[in-house]
Structures are given as C-alpha cells and as structure tokens.
Amino acid sequence: MNSFTSRLNSLFAFTLSVMAALTFCCFLTTVFNDHIRPVELNVAKVLVKNVPDYSADRERSDLGLITFDLSTDLQPIFNWNVKQLFLYLTAEYKTSEHALNQVVLWDKIVERGDNTILDLKNAHTKYYFWDFGNGLKGNSNVTLTLSWNVIPNAGTLPKVQGSGSHKIVFPDQYTSGRI
Amino acid sequence: MGSFDFLDEVRRMNGRQLYYQVLNFGMIVSSALMIWKGLMVVTGSESPIVVVLSGSMEPAFHRGDLLLLTNHREEPIRVGEIVVFKIEGRDIPIVHRVLKVHEKENGTVRFLTKGDNNSVDDRGLYAKGQLWLEKKDVVGRAKAFLPYAGIVTILMNDYPKFKYAILAFLGLFVLTHRE
C-alpha cells in the first residue's frame, strides 16, 4: 500500500496529469489568435523560358524566373505558445490543364528569438518555378502571397496567409539563351 | 520485498478473483482498441496519431513528438500543409511538407513534398520513376502537435528488448495487483 514504488508511481502519475493540464491551458490561451500580419510584396524581374525539366519528366515546360521584394514584421505573432514560424512564398495560378496550381518559390524558418523583420530586395527564389506543362507564358494572373505555418510548443498547427499579395504578369514571349 | 512476491499474490487469489483480474486486463486492452478505432472514424485517417521518427522536419518536429492527423475527403491538399504519406515499398510513413500542388478541374491532384530540414525535395524518396504523390498516398494531414509525448515509442523502436520488458511488466502488474 505505502511502499516506496507505489508512492513513486502516484507521484509520477500526478506530475504527468498536472503537466498535461498546464499544457492544455497554455494551448487554450492562444487558440483564438488569428496570426494575420500585413505583407508587402513586389516583383522586379519577370521572365519565362521553355526548357526541358530534368528534375521531373524531361518534357519541355515553362520555367518562370522572377526576383522579388518582400517586407513584413512578424514580431506580434510570437507569444508564449509559438515555437517557430515556417514562412513560404506561394505562386498560385490557373492554366488550361489545371484549375489550380500552387508552387512554393521560397521559404524560411523563423524561430523564437530570431530576427522577425524581413526586408528582402531583389531576392532570388529558392526553388525553381516550374509549371506542370506550358501555362506560364502570357499568364497574366499569377498571384504571389506569403503564408506561414505556426508551430506551437503544443497545440494546433494553423496555416495563415498574410494580408497583401502581388499579381505577376508573365511576358508573351519566351526568353532564350542565357540571362 | 522479494522479487517473486507477485507469485504469492496470484496463489492467494481464489478462482473468482483470478477471473476478475483477467477480465480487467481484457477491458484495458479492448478500451484502448475502441478509442483508437473511434479516432479513426472521427478523423477519417487510418492512423490518427503518429510519432515523428526522423529529424527531417526539424526544428519544427523532433524525434518522439506526437502529431494528430485528420484525413477528411473533402479537405483539399494545399501547399504549406504537413502531410503524412506512404510510399510503395516502404513500411514507415513519412511526415513532410507540401511544396507544389497541381489540381485538375475534376479534383485529381498531384503534389510534391519536401522535409523542412532536407535540402532537396522528396523525389529521391519516392518509388522508382514516381514524380508526384496523389491523394491515395496520403495517410493524414498534421493538425495538432504535442512535444515529447511519443518518446516511449522511440525507445521501444530503438531498443526492442526494452519493449518486451515493458510489455511483460505491465501485463504482470495488471494481472497481479488487486484493487
């Protein structure tokens, strides 16, 4: 009844339940935050090439080449239940083949304590902007947005789109040769 | 306290008490099973809770963290989401983030994933010749996160002897301890 192991067992069980309850309360305090922040986006260079996609099926596909400006401050999102933000820059567009295309062009991990002010000028994309097919040439409605996935210490994993977007208009002509 | 005290305990029980202990054990096993199957129905996922087994999503998820998944059919797959998917010829499902989405008018979707901590996308991990994932490959999408909660699974995976020791100990404990 009152042996050392049974005392240890109940101490362990009680510690665990207290920790679970505290974690849940911590999650409850932050569950209603909307995490939305304004983002300013712009593109400088916009080109489109038609080259074989050796990373995929080797078919000739449209490759968008852009450089972008981005500025935002994400400090207000951080609270005691935010461990990290995963930022990603998405290009969303429609082609004749696909009703919805989403391509991540750039991403960044912002951990708690990191610099939260982002001010990029003329930045290059981190990933290639390959279309699945040939839907970028002359496409005048490619929307660029910045979103983030909030990683908490414990809790839900909301995906939030920053307010503010930029519309890219791709040229009607392919660029050939080296740029 | 001798190490074989529990055997005396069993010897002292009469038939009725022994049945009771066995039934009690059965109750624990069946309620665990009911909770698991119930969660499967509510979340729509064949595996509603997964433990992160690799460091490919660090610093968001570390080994031993717990993820809650849902997989409702009407929920669309979008970039930035963390999906758990299975690859033909691999037993262990992979937890990675969606990088590209191409969705047709009729809803068929092809997407590409990448681990936050990996420098390249997952095409090297997919089955030979596979370029995209489809909806049928998805086990679930990560909706909530709990750190460290799955660490016992990691220990059991890394040290199989530890797993049998734990199972044997728990089984004996339940069978021999009277209320």
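Numbering of residues starts from 1 in every chain and runs along the sequence as written. Lettering of chains starts at A and numbering of ligands starts at 1, both following the order in which they are written. With pLDDT at 70 or above as the cut-off, local features in this predicted model cover only qualifying residues; side-chain atom pairs require 80 or more to be listed or tallied, and sums for whole chains, interfaces and linings still use all residues. With hydrogens and water excluded, all non-hydrogen atoms of the structure serve as input to the side-chain values.

1. Observations concerning a nonpolar patch on the surface
Item 1. Only residues above 30% relative accessible area that lack a salt bridge enter a patch, with like-charged residues linked at up to 9 Å and the nonpolar side chains Val, Leu, Ile, Met, Phe, Trp and Tyr linked at up to 5 Å. Per-residue and other accessible areas were derived by the Shrake-Rupley procedure at a 1.4 Å probe size, with only the shown protein chains allowed to occlude residues. Only one rule defines a salt bridge in this text: a Lys or Arg side-chain nitrogen within 4 Å of an Asp or Glu carboxyl oxygen. A grouping of I151, V152, L155, Y159 and F162 of chain B is seen on the molecular surface, where their side chains present a nonpolar patch of about 430 Å² in accessible area.
Item 2. Per element, the largest residue contribution to the nonpolar patch is three residues, and it comes from helix α3 (residues 151-158) of chain B. Numbering of helices and strands runs from the N terminus, with a helix taken as a DSSP run of H or I at least four residues long and a strand as a DSSP run of E at least two residues long.

2. Points about the interface of chain A and chain B
It is common to give the size of an interface as the accessible area that goes away when the parts come together.
Item 1. In this assembly, 34 residues from chain A lie in contact with 30 residues from chain B.
Item 2. Of the roughly 2700 Å² buried at the junction of chain A and chain B (both faces included), carbon and sulfur atoms supply 60%.
Item 3. Applying the counting criterion to the chain A and chain B interface returns zero salt bridges.
Item 4. Side-chain atoms alone can form a polar contact between residues adjacent in sequence; in general such a contact is a pair of N or O atoms within 3.5 Å, and within protein one must be able to donate a hydrogen while the other accepts it. Taken together, the connections running from chain A to chain B amount to 16 residue pairs in polar contact (both at pLDDT 80 or more).
Item 5. Put simply, the parts of the chain that give the side of chain A that touches chain B at least two residues each are β3 (84-93), β4 (100-111), β7 (142-151) and β8 (155-156) of chain A.
Item 6. Tallying contributions element by element places β4 of chain A first for the side of chain A that touches chain B, with seven residues. The criterion used for residue contact is that any of the two residues' heavy atoms lie within 4.5 Å. Here's the idea: put two parts together, see how much 1.4 Å probe accessible area each one loses, and the total over both is what we call buried area.

3. Some remarks on the packing of helix α2 (residues 15-43) of chain B against helix α4 (residues 160-176) of chain B
Axes are the key here: two packed helices are described by the angle between their axes and the distance separating the axes.
Residues and elements named next belong to chain B.
Item 1. Helix axes use the C-alpha atoms of the stretch in contact, all axes being lines fitted to C-alpha atoms, and the angles between their N-to-C directions lie in the range 0 to 180 degrees. The N-to-C vectors of α2 and α4 enclose an angle of 130°; their axes lie 8 Å apart at closest approach. Here α2 lies oblique to α4, going by the angle between them. Only G171, V174, L175 and T176 of α4 make contact with α2, whose side of the interface consists of Q21, V22, F25 and I28.
Item 2. Within the contact of α2 with α4, the residues separate by chemical class into five nonpolar, three polar and no charged. Working definition: roughly parallel below 35 degrees, roughly antiparallel above 145 degrees, roughly perpendicular at 65 to 115 degrees, and oblique for all remaining angles. Residues were grouped as follows: Ala, Val, Leu, Ile, Met, Phe, Trp, Tyr, Cys and Pro as nonpolar; Asp, Glu, Lys and Arg as charged; and all remaining residues, including Gly, as polar.

4. Description of α4 of chain B
Turn by turn, an α-helix covers 3.6 residues, leaving residues three or four places apart pointing in a common direction.
Item 1. Expected span of a helix, by definition, is 1.5 Å for each gap between consecutive residues, and there is one gap fewer than residues. Helix length check: α4 of chain B, at 17 residues, gives a terminal C-alpha distance of 25 Å against a target of 24 Å (1.5 Å per residue), a fit within 8%.
Item 2. When accessible area is computed with a 1.4 Å probe and restricted to protein chains, residues below 20% of their type maximum are described as buried, those above 50% as exposed, and intermediate ones as partly exposed. Of all the positions in α4 of chain B, only G171, V174 and T176 of chain B are classed as buried.

5. Let's talk about the nonpolar core
Item 1. We call a set of buried Ala, Val, Leu, Ile, Met, Phe, Trp, Tyr and Cys residues a nonpolar core when their side-chain atoms join them within 4.5 Å. Core analysis: the largest hydrophobic core is formed by 33 residues, its most contacted members being L85, L89, F129, W148 and F170 of chain A.
Item 2. With near-sequence residues (within four places) excluded, F129 of chain A lies in contact with D62, L63, G64, A91, Y93, V103, L105, L136, V142 and F170 of chain A.
Item 3. Counting 21 residues, the second-largest nonpolar core is a separate cluster that includes V104 of chain A together with F85, I87 and I94 of chain B.

6. Concerning unusual backbone geometry
Item 1. Cis geometry marks the peptide bond from E58 of chain B to P59 of chain B, where omega comes out at 0°.
Item 2. With respect to the helices, strands and loops of the structure, P59 of chain B is situated in the loop between β1 (49-51) and β2 (66-70).
Item 3. Phi is positive for H35 of chain A, which is not a glycine, with a value near 60°.
Item 4. Positionally, H35 of chain A belongs in the loop between α1 (4-30) and β1 (40-52).
Item 5. Its identity as a non-glycine residue notwithstanding, N122 of chain A has a phi of 55°, on the positive side.
Item 6. Following the sequence through the fold, N122 of chain A ends up in strand β5 (residues 117-124).
Item 7. A relative accessible area of 45% means that N122 of chain A is categorised as partly exposed.

7. Observations regarding the layout of surface pockets
Over the atoms rolls a probe the size of a water molecule, and its path tells where empty space is left.
Item 1. Roughly 700 Å³ of volume is contained in the second largest pocket.
Item 2. Considering the residues around the second largest pocket, the lining is formed by 20 residues, among which M19, A20 and T23 of chain A together with L146 and P147 of chain B are closest to the centre.
Item 3. When residues of the lining of the second largest pocket are traced back to their parent elements, those giving at least two are α1 and β8 of chain A together with β6 (138-146) of chain B.
Item 4. A total of nine residues in the lining of the second largest pocket trace back to one element, the largest contributor, which is α1 of chain A. Points on a 1 Å grid over protein atoms alone make up a cavity when a 1.4 Å probe fits among them but cannot get out, and a pocket when they form an open set with protein on both sides within 12 Å along at least five of seven lines; lining residues each have an atom within 4 Å of a point. Grid points are joined across faces, edges and corners, and a volume is the space filled by probe spheres set on the points.

8. Description of the packing of aromatic side chains
Item 1. Two aromatic rings, drawn from Phe, Tyr or Trp (for Trp, its six-membered ring), form a pair once their centres lie within 6.5 Å of each other, and the interplanar angle then sorts them: stacked below 30 degrees, edge-to-face above 60, tilted otherwise. Per the stated rule, a full pass over the model turns up eight aromatic pairs over all chains.
Item 2. A ring pair is formed by F85 of chain B and Y126 of chain B, whose centres lie 6.2 Å apart and whose planes are at 85°; its orientation type is edge-to-face. With a gap of 41 residues between them, F85 of chain B in strand β3 (residues 82-85) and Y126 of chain B in the loop between β5 (109-114) and β6 connect regions that are remote in the sequence. Assigned by exposure class, F85 of chain B and Y126 of chain B land together as buried.
Item 3. Grouping aromatic residues by their ring pairs yields a cluster made of Y93, F129 and F170 of chain A.
Item 4. Placement of a positive charge over a ring is assigned whenever Lys NZ or Arg CZ falls within 6 Å of the ring centre and within 35 degrees of the normal to the ring plane. Positioned above the aromatic ring of F86 of chain A is the side chain of R97 of chain B, whose terminal nitrogen or guanidinium carbon lies 3.7 Å from the ring centre.

9. Details of the packing of α3 of chain B against α4 of chain B
Residues and elements named next belong to chain B.
Item 1. As a packed pair, α3 and α4 sit with axes 4 Å apart at the nearest point and diverge in direction by 120°. Comparing their axes, α4 and α3 come out oblique. Contacts from L155, M156, N157 and D158 in α3 reach P160, F162 and K163 in α4.
Item 2. Here the residues of the contact of α3 with α4 are counted per class, giving four nonpolar, one polar and two charged.

By themselves, these are just geometric observations and shouldn't be taken as functional.
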